[in-house]
Amino acid sequence: MERATREGAALRRRIDPRGPVDVEAAAGVAGVDVGGWSEARWNELGGQAAPDDGAPEEWLRWLAAHAIGHQMLHGGDGQWRARHGEVDTEAELEAEGFAWALLVDEREAETMRFREPWQVAAFFGVPEKAVLGHWDMPELA
Ligand SMILES: [Zn+2]
């Protein structure tokens, strides 16, 4: 897991170290095609449907980052394994950790003094649900 977050953060620094990352640029570096995704591909890649009130763009950014993680860490985007019934829980967690480190800089969030998950979500362009799953909220003084 540490390797996943390290590599995600390293790719972030290469692309766009402040604010919301240009996911397409990151995908270009990793050689992942994120253009023109259908909802079926979205579901395949994510295994997590976007909530009805979720912003599709944020979910697509998250799932693109997840797929880039699979590409860089596991040599594929996970679809093949999923189709063959070999869902690898460890690999999925790594791809999620990678996506978080690629899309969100927790130190920058701290600098911005964010205290609520929606602030982090809006600033970095990620789903609030992802923030709830990954962000260690700062202690309120
Ligand atoms: Zn996956």
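Residues numbered from 1 in each chain as written. Predicted model: local features only at pLDDT ≥ 70, side-chain atom pairs only at ≥ 80, totals over all residues.

A. Just the overall build of the chain, in detail. Secondary structure summary: the chain contains nine helices and zero strands in total. When the helices and strands of the chain are placed in sequence order, the string is α-α-α-α-α-α-α-α-α. Contacts in the chain between residues at least 24 apart in sequence constitute 59% of all its contacts with a sequence separation of at least 6. (Helix = DSSP H or I, 4+ residues; strand = E, 2+ residues; numbered from the N terminus. Contact = placed C-beta atoms within 7 Å.)

B. Looking closely at helix 6 (residues 89–103). Compared with an ideal rise of 1.5 Å per residue, which puts 15 residues at 21 Å, helix 6 spans 21 Å between its outermost C-alpha atoms and is within 8% of the ideal. Every buried residue of helix 6 is accounted for by E94, A95, E96, G97, F98, A99, W100, A101, L102 and L103. Those residues of helix 6 that are buried lie in contact with helix 1 (2–15), helix 2 (23–30), helix 4 (56–74), helix 8 (117–124) and helix 9 (128–134). (Expected span 1.5 Å × (residues − 1). Buried ≥ 20, exposed ≤ 12 C-beta atoms within 10 Å, placed from the backbone.)

C. Examining unusual backbone geometry more closely. In this structure, R113 takes a positive phi of about 60° despite not being glycine. You can see R113 is positioned in the loop between helix 7 (106–111) and helix 8. Owing to 8 C-beta atoms within 10 Å, R113 belongs among the exposed residues under this scheme.

D. Just the packing of helix 1 against helix 2, in detail. One way to put it is that helix 1 packs onto helix 2 with a least axis distance of 10 Å and a crossing angle of 110°. Looking at the two axes, helix 1 sits roughly perpendicular to helix 2. Along this stretch, helix 1 crosses helix 2, giving a crossing that reads as right-handed. On helix 2, the residues touching L11, R14 and I15 of helix 1 are A25, A26 and V29. Grouping the amino acids of the contact of helix 1 with helix 2 by side-chain chemistry returns five nonpolar, no polar and one charged. (Axes fitted to C-alpha atoms, helices over the stretch in contact; angles between N-to-C directions. Parallel < 35°, antiparallel > 145°, perpendicular 65-115°, else oblique. Left-handed = near helix turned anticlockwise from the far one by under 90°. Nonpolar A, V, L, I, M, F, W, Y, C, P; charged D, E, K, R; others polar.)

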